[in-house]
Amino acid sequence: MQVYLLKSIIAHIIIKLILEKTMPAQYLEVHPKNPESKKIKEVVDCLMGGGIIIYPTDTIYGLGCDLKNSKAVQRLCKAKGIKPEKINLSFICQDMSHIAEYTKNMPTNIFKLMKNLLPGPYTFILDANTNVPKILDTKKKTVGIRIPNHPLPIEIVQLLGNPLVTTSIKSEDEILEYTTDPEEIYEEYKHQVDIVIAAGYGGNVPSTILDCTSGIPILVRQGLGVFEP
């Protein structure tokens, strides 16, 4: 009797694991300019539980999770096919004071530049403070910071209370580097993430990257944001 019960329990666990692994992501349609608060909460609940989401920004669709959930970050790295210690970490903050929680004091000229350009299609590489290695167990000394000009990721971060790790969704297409159709993104990632937020077509030009670690902004990648030294 005990052996039969044990086999039954094991079979139940195996079935549960199979179902969890193959359960497709939720395809969540959200208004691009006025995100429904109920749907934002649904996304945040998923993130708090260690979920991974795909969401729109002011540039391209991104893959993200809660910065302070290490297991979720590991899942995100697996979905991207990279090792956690090798990830070029970027995350979304809600405002300048939020950025200060994870970066070292920046020169006045860099602060003014960020104030002028954000929110917008820019990623600023800054010196990370000790909070970042503690969260991710990495030796990274720099971090990429974004405040996109898009209401959806900002509202997610505000309700979550933590930054949102962000990395781009790339396409295998030789002509179109970034996938813009959320339905196509869903078909590709539906077994790797928990929610795909569809808010219309995304862009196919990434953010402009500025390295500010030397105190002088250096253009690393020319993207959607205009930058004149």
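Presented here is a report on the structure given in the accompanying data block. (Residues numbered from 1 in each chain as written. Predicted model: local features only at pLDDT ≥ 70, side-chain atom pairs only at ≥ 80, totals over all residues. Heavy atoms only, no water.)

Glancing now at the overall build of the chain. Counting its regular elements, the chain contains eight helices and 10 strands. Per-residue burial for the chain yields a buried fraction of 47% across its 229 residues. Put simply, the chain shows about 12,900 Å² of open surface, and 55% of that area lies on carbon and sulfur atoms. (Helix = DSSP H or I, 4+ residues; strand = E, 2+ residues; numbered from the N terminus. Buried < 20%, exposed > 50% of the residue type's maximum accessible area, 1.4 Å probe, protein only. Areas by Shrake-Rupley, 256 points an atom, 1.4 Å probe, with all protein chains shown as cover.)

In this section: the pattern of salt bridges. Enumeration according to the criterion identifies five salt bridges in this entry. Measuring nitrogen to oxygen at the nearest pair gives 3.9 Å for the salt bridge that ties Glu-36 to Lys-39. Here Lys-39 falls in the partly exposed class, since its relative accessible area comes to 26%. One salt bridge connects Arg-75 with Asp-194, and the closest N-O pair in it is separated by 3.0 Å. Residue Arg-75 is found in helix H3 (residues 70-80), and its partner Asp-194 is found in the loop between helix H8 (182-189) and strand E8 (195-198); the two are separated by 119 residues along the sequence. (Salt bridge = Lys/Arg side-chain N within 4 Å of Asp/Glu carboxyl O.)

Any pair of aromatic rings gets described here by the distance separating the centres and the angle formed by the planes. With the rule as written, the count across this model stands at three aromatic pairs. With 5.5 Å between their ring centres and 75° between their planes, Phe-91 and Tyr-102 make a pair best called edge-to-face. Placement of the pair is Phe-91 in strand E4 (residues 90-92) and Tyr-102 in the loop between helix H4 (96-100) and helix H5 (108-117), with a sequence separation of 11 residues. Taken individually, Phe-91 and Tyr-102 each receive the classification buried, so the pair is uniform in this respect. Ring geometry for Tyr-122 versus Phe-124: centroids 6.3 Å apart, planes at 35°, classification tilted. For the pair shown, Tyr-122 and Phe-124 are each scored as buried. (Phe/Tyr/Trp six-rings, centres within 6.5 Å; stacked < 30°, edge-to-face > 60°.)

Take the layout of surface pockets next. Roughly 620 Å³ of internal volume is contained in the largest pocket. Considering the residues around the largest pocket, the lining is formed by 29 residues, among which Asn-88, Ser-90, Thr-166, Thr-167 and Ile-209 are closest to the centre. Among the secondary structure elements, those contributing two or more residues to the lining of the largest pocket are strand E5 (122-127), strand E6 (142-146) and strand E7 (164-168). Here the lining of the largest pocket is composed, by residue class, of 11 nonpolar, 12 polar and six charged. (1 Å grid on protein atoms, 1.4 Å probe; cavity = no way out; pocket = protein on both sides within 12 Å on 5 of 7 lines; lining within 4 Å. Points joined across faces, edges and corners; volume = space filled by probe spheres on them. Nonpolar A, V, L, I, M, F, W, Y, C, P; charged D, E, K, R; others polar.)

Ranked by size, the top nonpolar core spans 63 residues in total, and within it Ile-53, Ile-54, Phe-91, Ile-99, Phe-124, Ile-156 and Ile-197 carry the most contacts. Not counting the four nearest positions on each side in its chain, Phe-91 is found in contact with Leu-67, Tyr-102, Val-132, Val-143, Gly-144, Ile-145, Arg-146, Pro-163, Leu-164, Val-165 and Thr-166. (Core = buried A, V, L, I, M, F, W, Y, C linked by side-chain atoms within 4.5 Å. Contact = heavy atoms within 4.5 Å.)

With that out of the way, let us pick up the pairing of strand E10 (residues 218-221). In the sheet, strand E9 (residues 208-211) pairs with E10 via three bridges, with the strands oriented antiparallel. From the neighbouring strand, Asp-211 faces E10, where its bridge partner is Ile-218. Where E9 hands over to E10, the hairpin turn is made up of six residues, of which Gly-215 adopts a positive phi near 95°. (Pairing = 2+ DSSP bridges.)

In this section: unusual backbone geometry. The amide bond that connects Leu-118 to the next residue, Pro-119, takes the cis arrangement and shows omega of 0°. Structurally, Pro-119 can be placed in the loop between H5 and E5.

On the secondary structure map, Thr-103 appears in the loop between H4 and H5. Given a relative accessible area of 4%, Thr-103 falls into the buried group. Here the side chain of Thr-103 touches Ile-99 through a polar contact of 3.1 Å, landing on its backbone oxygen. Non-local contacts of Thr-103, meaning those with residues more than four positions away in its chain, are made with Leu-126, Asp-127, Ala-128, Asn-129, Val-143 and Ile-145. (Polar contact = N/O pair within 3.5 Å; in protein donor to acceptor, adjacent residues only side chain to side chain.)

The subject of this paragraph is H3. Within an α-helix, residues lying three or four positions from one another point in the same direction, as the helix has 3.6 residues per turn. Among all positions of H3, only Ala-72, Val-73, Leu-76, Cys-77 and Ala-79 are buried. The buried residues of H3 occupy one face: seen down the axis, they fall within an arc of 160°. Opposite its buried face, H3 presents the exposed residues Lys-71 and Lys-78, each directed more than 90 degrees away. The residue sitting at the N-terminus of H3 and contributing the capping side-chain oxygen is Asn-69; that oxygen lies 3.3 Å from the backbone nitrogen of Lys-71. Backbone geometry just after H3 places Gly-81 at a positive phi near 75°. (Arc of directions from axis to C-beta.)

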